[in-house]
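# Structural description and commentary
For reference, the chains in residue letters:
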Amino acid sequence: MLRAILTAGAAVAALLAPATAHAEEAGQNVPPLTDRQGRVLTLHGWNIEDKTHRGGAALTAITERHLRDMRAQGFDFARLLVFWDDLEPAPGQYSRGYLRRIERVLDWAGKYHLKVVIDAHQDVFGPAFGHRGIPEWATRTDGLPFTPHPDDWFAEYFEPAVQRAFTHLYEDADLRSAQAAMWRTLAARFARHPAVLGYDLVNEPMGEQRPGEDLATAARRIERDQLTPMYNRLADAVRPVDRDAWLFVEPTPIVGEGVPTGLGRVEDPRVVYAPHFYDTAMEAGADYDPGAGWIEAYERAVTEYPKRYGVPVVVGEWGPPDSTLPRMNRFYRDAMASLGRYASGWAGYVWCYGGGYCAVDDTGAFRPNKELTAEPYAEAVAGTVRFAGYDSGAGVYRLSYRAASAGPRVTTVSLPAGTWRITADGGATVVRDTEGRVRVLAGPGRLVSVTVRRG
């Protein structure tokens, strides 16, 4: 979660290209995400986490209610945060209890038909710096200084000790091997779990800025020279034990400033580009400014990589800390429209019961404006999508697709809580289930149109 103003934000913003492309064009030629049957997937969901409990109590803050309530609002996706320091508290010693608790969450997700991406999460590297993620035993600083920033934790990424720790993680042979072994352990345990869609190999990776480098230049170099080789190593570690899972790869958080990533090709057939979608001004408490062009700049920048390498996009985190500000209704509408143009899915931050970033309050009701994230969408389309989109003002979702000529022919549309009317033509049959989903059955090769209306 990028929660603070980047110290070099103004300098990075100055590097942004002028707005020349239309927003509607940015998502063209970005491939879709698919499931094992070849159906086109759309993921709408939330991150779920427990950053408070450790050791034997780790993950206990995530309950069955989280998954049940998400499904009841029409969401089909959870990005589950797990921590290497909990999984492997000592070198080579993996916690069986932690693996069982991960499996318990996956079982709940399966019960409510949610797909899960397991995210190897880190914040400011890990516990050596007062956060979570990479174990202390895998943290090397060369004695460089670290000063906490309790009012601006993201600034801690720029402390010399933290930056050097990332360099050692990327460059030291034994730490490379340990990270690969950690992922082999996770993937081998959960490869066959029906709820697992994929693995997010590392959350918001950062690195060491060299003297004289501006932030954007450093980010591109780190992504090109350190993250790309790391992702290829981790892909090689996962594939012998899990051939089917999607591998989610993230750029540095600097992409949030509208800077295209420097990541290179990850040599694997099932890669998802998984950037985060945070505006530094809003993270610091400012209201949304539609005239600033941030969403448009982000959309242009973030679609360059998937178009170049032919991979789908799933935004792994997004959402401001204060959704009550006057222009937040406009923000959520603009953001949902933008995500719908280029992303196969997204996970908001975060499904919890309370204030701040939480999606819902203590009663389970959406916090202000976050109800706009709950809209009809096609979870899985058995065919070729011609058009899919939701008009939030009119309360109408439309889907047009050419049904597959072979294989599964059941398309699933998810409906939020409330009353919705659904119709379909092209000879399709519509069947509702009890969990807010609609199944559309169509003959081979038929052109099908589905319309969902509120009320």
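Each value, and the rule that gives it
Residues numbered from 1 in each chain as written. Predicted model: local features only at pLDDT ≥ 70, side-chain atom pairs only at ≥ 80, totals over all residues. Heavy atoms only, no water. Helix = DSSP H or I, 4+ residues; strand = E, 2+ residues; numbered from the N terminus. Rg over C-alpha atoms; globule rule 2.2 N^0.38 Å. Buried < 20%, exposed > 50% of the residue type's maximum accessible area, 1.4 Å probe, protein only. Contact = heavy atoms within 4.5 Å. Areas by Shrake-Rupley, 256 points an atom, 1.4 Å probe, with all protein chains shown as cover. 1 Å grid on protein atoms, 1.4 Å probe; cavity = no way out; pocket = protein on both sides within 12 Å on 5 of 7 lines; lining within 4 Å. Points joined across faces, edges and corners; volume = space filled by probe spheres on them. Nonpolar A, V, L, I, M, F, W, Y, C, P; charged D, E, K, R; others polar. Pairing = 2+ DSSP bridges. Axes fitted to C-alpha atoms, helices over the stretch in contact; angles between N-to-C directions. Expected span 1.5 Å × (residues − 1). Polar contact = N/O pair within 3.5 Å; in protein donor to acceptor, adjacent residues only side chain to side chain. pLDDT = per-residue confidence, 0-100. Core = buried A, V, L, I, M, F, W, Y, C linked by side-chain atoms within 4.5 Å.

### Quick word on the overall build of the protein chain
Counting secondary structure elements, the protein chain contains 12 helices and 20 strands. Since a compact globule built from 455 residues should have a radius of gyration of about 23 Å, the 21 Å found for the protein chain is in line with a globular shape. In terms of principal-axis extent, the alpha carbons of the protein chain reach across some 70 × 50 × 45 Å. Residues classed as buried in the protein chain amount to 58% of the 455 residues present. Long-range pairs, those at least 24 residues apart, make up 73% of the contacts in the protein chain with a sequence separation of at least 6. Surface accessibility of the protein chain: about 17400 Å² in total, with carbon and sulfur atoms responsible for 50%.

### Comments concerning the layout of surface pockets
As a volume, the largest pocket reaches approximately 1200 Å³. What lines the largest pocket is a set of 47 residues, among which T42, G340, R341, A388 and G389 lie closest to the centre. When contributions to the lining of the largest pocket are tallied by element, the ones reaching two or more residues are β2 (40–41), α12 (328–342), β12 (345–348), β13 (377–381), β14 (383–391) and β15 (396–403). Among the residues making up the lining of the largest pocket, the classes are represented as 28 nonpolar, 12 polar and 7 charged. In this structure, the second largest pocket spans a volume of roughly 490 Å³.

### As for the sheet that holds strand β6 (residues 196–200)
Adjacent strands of a sheet pair through backbone hydrogen bonds, lying either parallel or antiparallel. Read from one edge to the other, the open sheet built from 8 strands follows the order β8-β7-β6-β5-β4-β3-β12-β10, with strand pairing classed as parallel. With one partner strand each, in any of the chains shown, β8 (271–273) and β10 (314–315) form the two edges of the open sheet. When strand β3 (residues 43–48) meets β12, the two strands line up parallel, connected through 4 bridges. Considered in β12, the bridge of H44 is made with W346. Docked against the sheet, helix α7 (residues 173–190) engages β4 (77–82), β5 (115–120) and β6, running at close to 175° with respect to β6.

### Observations concerning the sheet that holds strand β18 (residues 429–432)
Reading across from one edge, β1-β2-β13-β16-β19-β18 is the order of the 6 strands in this open sheet, with antiparallel pairing throughout. The strands lining the two open edges of the sheet, one partner per strand, are β1 (33–34) and β18.

### Comments concerning helix α5 (residues 96–111)
For α5, built from 16 residues, the straight-helix expectation of 22 Å at 1.5 Å per residue is met to within 8% by its first-to-last C-alpha distance of 22 Å. All buried positions along α5 are accounted for by G97, Y98, L99, R101, I102, V105, L106, W108 and A109. Where α5 terminates, the next one or two residues include H113, which has phi positive at roughly 60°.

### A closer look at the environment of K370
Within the secondary structure layout, K370 lies in the loop between β12 and β13. For K370, a relative accessible area of 1% corresponds to the buried category. The spatial distance from the C-alpha of K370 to the C-alpha of T324 is 9.5 Å, given a sequence separation of 46 residues. Not counting the four nearest positions on each side in its chain, K370 is found in contact with P320, S323, Y332, G356, Y357, C358 and A359. One polar contact links the side chain of K370 to the main-chain carbonyl oxygen of Y357, over a distance of 2.8 Å.

### So, the confidence of the model for the protein chain
The predicted coordinates of low-pLDDT regions are not to be read in fine detail. Averaged over all residues, the pLDDT of the protein chain is 94; the fraction at 70 or higher stands at 94%. Throughout residues 1–24 the model reports pLDDT below 50, and contacts reaching past four residues in sequence, or to other chains, amount to 51 contacts.

### Some words on the nonpolar core
Of all hydrophobic cores here, the largest spans 101 residues; its most connected members are L67, W183, Y199, W318, F331 and W351. Not counting residues within four places of it along the chain, the set of residues in contact with W351 comprises W46, N47, I48, H66, D69, M70, Q73, F75, A359, V360 and F366.

### Re helix α10 (residues 294–302)
The buried fraction of α10 amounts to 8 of the 9 residues, a majority that puts the element mostly inside the structure. Inspection of α10 places W294, I295, A297, Y298, E299, R300, A301 and V302 among the buried residues, and these make up the whole buried set.

### Examining unusual backbone geometry
The amide bond that connects Y349 to the next residue, V350, takes the cis arrangement and shows omega of 10°. Looking at where V350 falls in the secondary structure, it is placed in the loop between β12 and β13. Phi at H113 is positive, roughly 60°, even though this residue is not glycine. Note that H113 resides in the loop between α5 and β5. Overall, H113 belongs to the partly exposed group, its relative accessible area being 36%. Here the phi dihedral of E204 falls at roughly 40°; this positive angle occurs in a residue that is not glycine.

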